[in-house]
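Inside the fold
The primary structure of each chain is shown beneath.
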Amino acid sequence: MITITINEKKITLEKPVTILEAARSAGIHIPTLCHEDILEPYGGCRLCLVEVEKVPRLLSACTQYITEGMVVRTETERVIEARRAILEFLLINHPLDCSFCDKAGECDLQDLAMKYGPATGRFAEGKRKHPESYDDPLIVRNMERCVLCSKCVRMCEDVQGASALCITNRGSKSYVEPFSGGRYNCEYCGNCLTVCPVGAIMSGLHRHDYRSWLIEREVETVCSYCGVGCSLLLQIRGNSLIRTVPKIGRGLNRGLLCSKGRFGYDYISNSERLDTPLIRRNGELQPAAWSEAITHIARRLKEIKENHGSDAIAGIVSGRCTNEDAYVFQKFFRGAIGTNNIDSVASLAYGPAQRFFERIFGQGVTANDIHGISNSDGIFVIGGDPTGINPVLGLQVRSACKKGAPVVVMGYAEGLKRFSKHAFITNSTTETVLLASLVSEIKKKKSLPGERPVFEEIISGLQPVPLKDASEMSGFGLNDLVDTVDTLSNMINPSIIVGRDIVQTSTGHMSLLFLAALAYLLNGRIYLLSELPNEQGLLDMGCQPDMLPSGRPLTIETFRTRCEETLGIAIPSTPGLNYVEMIEAAHAGRIKALYVMGEDTVQGLPDRNYVSDALRNVEFLVVQDMFLTETAQYADVVLPSLSWAEKEGSYTNLERRVQLTKKAVEGEGIEEWKIISEMSKILGLDMGYRSVTDIFTEIVRISHIYREITYNDITSGRCMWPYKGGPLRHDVHIEGIELPDIVSVMKNADESGVQVRREAHLFHSQNASRYSPALQSISPEPYVKMSETLAGRLSLRDGEHVKVVTEAGSITLSVHRDPCLPENVVLIPPFEKGGIFEITKWKVNPVTKAPALDGNRVIIET
Amino acid sequence: MVVLNQKVLEEINRIKSKYHDSRSCLLPALYIFQREYGWLSPEALEAVGEILNIPKATVKGVSTFYAMFSHKPTGRHLIQLCTNVACMLMGGERLLDVLREQYGLEPNITTPDNRFSLVIMECIGACDTAPAMLVDTDFHGNLTGEKVIDILEKYK
Ligand code: SF4
Ligand code: SF4
Ligand code: SF4
Ligand code: FES
Ligand code: FES
């Protein structure tokens, strides 16, 4: 206990904190400019000076720690005079152009100058000149206003880990700039904008569009881009979303955002948004009334059901749909149509991976707190770059690394290059072999804990793969591998971060098994990267062909009948088709009607031509989307949907945290659940919902995992897994897991040619990013990354254009050379045009049922 | 692109091996680049960053902090003239006039024949022999106008 006095008030604190923190805890305000809770104390601006008894000089409250008996005064004449002097210095070089600065009204400098500052300055020399920079598409830089608090630089370096900014020059000539001096070419997280106290770095998206006092409403919601689920503040005027900002300290992201959350919101005001239903008449999509469209769909579905049976109809849900919409959708398919042909994008990788791990370790094994990552003493990343897929989660990896945790990466992770101790860029086979080898070596060093005897039997039965063999096959140095084994074995509470690339291969099921063994041996927590905001929710809501809400197998009769009784509907007992199978069945003519909610199937699946053929082949295609996507262009009926900011609902993130998305503005359209319930009524099942709350109440009633939770609990942030403490399904189903024959994988590996793999891209996430002009403006040109050796052999320079050819087609891309890549792998990101899926084909992995992409070989034509 | 010669790489790696943290080697590496290429181009800064695994913006921040690094191409010889207090009192600023008259030099300017570049320094640690200047890496103190010209005539 430490007792101090601030402004004659006695304060007792448990821990030695800074004077600033102590004052805040007592509700005493001390002005600051260079301090930010999320950053280390800096002590640069001197505005927080306070008087401390018995200390002759003034002390900076943000860096000075309290000691017993300290007597502090924060607003004495001396202090006020010092602040005035500092402000006078700061304003020497400031252009005093508040009248046309976007920051006016929320500028710390302005507020401070009003409170303490001298009304006029005495400085008669010229001010420094530094023209405002518009070189960057998103960030406007005005260095005349900069007060050199360095918060942006520290944010970018210490927290974001991008280190894209520097203070150039020295003394009064210094200013902040990105390396190029013009364009930022950085990660565009915008976190530097968040902390800049003045109008020196600002977003260009709403330049001169508003004044902070014109913001009429603020709505706290969750980001609509990825499975992290960062909290956002939407700021609204009238019915327009002016900007999204984070709030330092709020939500699981604690005020940090990534490029998508920060700048990607503009898709909701994209002029291409659909505002009326479209019905295909005489081969053309023509505007129609809502009631007409809905009755038309219901009638056609009914006809097809009568003529071809319920199982000729299938439904696909996008990872952007809310829990409520997804739940109603699957209920409609099961109850009103009478089929289990209901699936979502989660079945492409996230779902299969989760299912595999839950089968071994029990339900909820991947539900881990994202903040745990930065506290772990080692990190293993595989199958995707967390800093590209789930950027704010990726920051946790960087933060762990900064604290000294070794990071081992398998697969390509651009954003972890400077942070990894070992990085192995593998092709699909070497990935599995390397994992097998790591497991067999670590097994020798670590004893099995004895918690799961059945799984331990499997681990013991795994074929040994000597590091030497793995090294020979993969080309990675033996010493490097030996060191990796040591690094991994020394970890005590590691985090294991798994991306989708590891699942989407023909040996993906083996990789998953080795990974499970690794996690078990190392006592690691597993995190599954999720590329969409609600993949987990879709699984929980039962948007799976063989699972009911809350992840209970359909084939277990007790579950099914309980569900039927609670809901008063009949649920067919045979599992339906999954997403990929639906497309295959459509291609083969067995699916007559397909209802796609929110997903651009043509863009999202790895074989565009095949998918387009399949969709053309469907007799009746309904697409519900915000835009006339490629998929929608094949539709017979298109229904406009509301954006995430225009409706209520909930998302469940990758840690299984349930969060609310709020309605902030009015949109053109009707909520998905309302549309579906209307149709359902026509088809004879009246769901009777009046609001999303009704739906959620039903979800809670039927799902044992969401048991007893309410929107109120969610709002208060108390919805972390396991909700209300349980109950969890602990039963595991290890039986039937085959021991992988890794030796024959090694023997039969097809190492010929150059394999193409996907690079998860920070600005092109394959969903809404496509319609966000801001995100599109950052790096619009599609590219292929290749090794120096390959590029050298073809005499290709950076930026040159090449034709990348596969069996499935060809695209022209610009070349990015990357010395880290092996010769037999090239990477292509999922750009909307010129993306990897234009030239790939899939084969289904028989165990995980996920589409495998490893058969794709490319030829580079110059 | 900066064409890295093997000598530069080896030299940097040798220095690097003496430090625990590659950051400690940043200033020496920048010196070496400046010596070899005459100035620090953006490509050079990038190359230094890559060799030392330091973000290029950080390299830029450090290198622009120091007046002794040049971020523009310089002439064959770099004159670093001090005009800080001690040198100023001893007539350093007058030497500037001499350079102007004799060679047409101004601060941050290179002569058209690419022979000299001039930068003004804030104390080069030679106050005891003020006024002082550095030509490339050679110190010259107790300067007078004539002495400056005599000295510079040795640098072609
Ligand atoms: S946007 Fe993010 S990455 Fe870019 S400079 Fe700012 S903090 Fe750094
Ligand atoms: S740009 Fe803003 S945050 Fe960065 S140093 Fe200047 S005032 Fe501080
Ligand atoms: S990390 Fe994911 S949830 Fe967070 S801001 Fe970025 S895209 Fe949105
Ligand atoms: S806030 Fe304390 S010195 Fe800037
Ligand atoms: S003042 Fe010129 S050398 Fe110190």
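Residues numbered from 1 in each chain as written. Chains lettered and ligands numbered in written order. Predicted model: local features only at pLDDT ≥ 70, side-chain atom pairs only at ≥ 80, totals over all residues.

With that settled, the discussion passes to the site of ligand 1. Residue and element names in this part refer to chain A. As a structural note, the neighbourhood of ligand 1 is formed by 14 residues, with Cys156, Ala162, Cys186, Cys189 and Cys192 the closest of them. Every element with two or more residues in the shell around ligand 1 is listed here: helix H4 (151-159) and helix H5 (191-195). Here the shell around ligand 1 is built from residues that sort into 10 nonpolar, 3 polar and 1 charged. (Near = placed C-beta within 6 Å. Helix = DSSP H or I, 4+ residues; strand = E, 2+ residues; numbered from the N terminus. Nonpolar A, V, L, I, M, F, W, Y, C, P; charged D, E, K, R; others polar.)

Around ligand 2 sit 14 residues, and of these A:Cys146, A:Cys149, A:Cys152, A:Cys196 and A:Ala200 come closest. Of the residues in the shell around ligand 2, the class split is 12 nonpolar, 1 polar and 1 charged.

Taken together, the contact between chain B and chain A spans 9 residues of the former and 11 residues of the latter. Residue classes in the side of chain B that touches chain A are distributed as 3 nonpolar, 4 polar and 2 charged. (Contact = placed C-beta atoms within 7 Å.)

Residues and elements named next belong to chain A. Where burial is concerned, most of strand E24 (residues 593-597) is hidden: 5 out of the 5 residues are buried. Burial along E24 is two-sided: the residues Ala593, Tyr595 and Met597 and Leu594 and Val596 are all buried. In terms of strand pairing, strand E15 (residues 313-317) meets E24 through 5 bridges, oriented parallel. Note on E24: the bridge partner recorded for Gly315 is Tyr595. The pairing of E24 with strand E25 (residues 620-625) spans 5 bridges and is classified as parallel. Each residue of the ladder has a partner; that of Tyr595, found in E25, is Val622. (Buried ≥ 20, exposed ≤ 12 C-beta atoms within 10 Å, placed from the backbone. Pairing = 2+ DSSP bridges.)

You can read the domains of chain B as domain 1 (6-65) and domain 2 (77-152). One C-alpha centre belongs to domain 1 of chain B, the other to domain 2 of chain B, and the line joining them spans 27 Å. (Domains from an automatic or database assignment.)

Residue and element names in this part refer to chain A. In this sheet, strand E32 (residues 809-817) lies alongside strand E31 (residues 801-806) in antiparallel orientation, the contact comprising 6 bridges. Directly across from Lys803, in E32, lies its bridge partner Thr812. Between E31 and E32, which pair antiparallel and follow one another directly, the connecting turn spans 2 residues. The sheet contact formed by E31 and strand E36 (residues 857-861) spans 3 bridges and is antiparallel. Looking at the pairing, Lys803 lines up with Glu861 of E36.

Right, let's get into H4(A). All names here are of chain A. H4 sits mainly inside the fold: 8 of its 9 residues count as buried. Taken residue by residue, H4 has Lys151, Cys152, Val153, Arg154, Met155, Cys156, Glu157 and Val159 as its buried positions. As for H4, its buried residues are in contact with strand E7 (165-168), strand E8 (175-178), H5, strand E9 (201-203) and helix H11 (391-402). Phi turns positive one or two residues past the end of H4, at Gly161, with a value near 75°.

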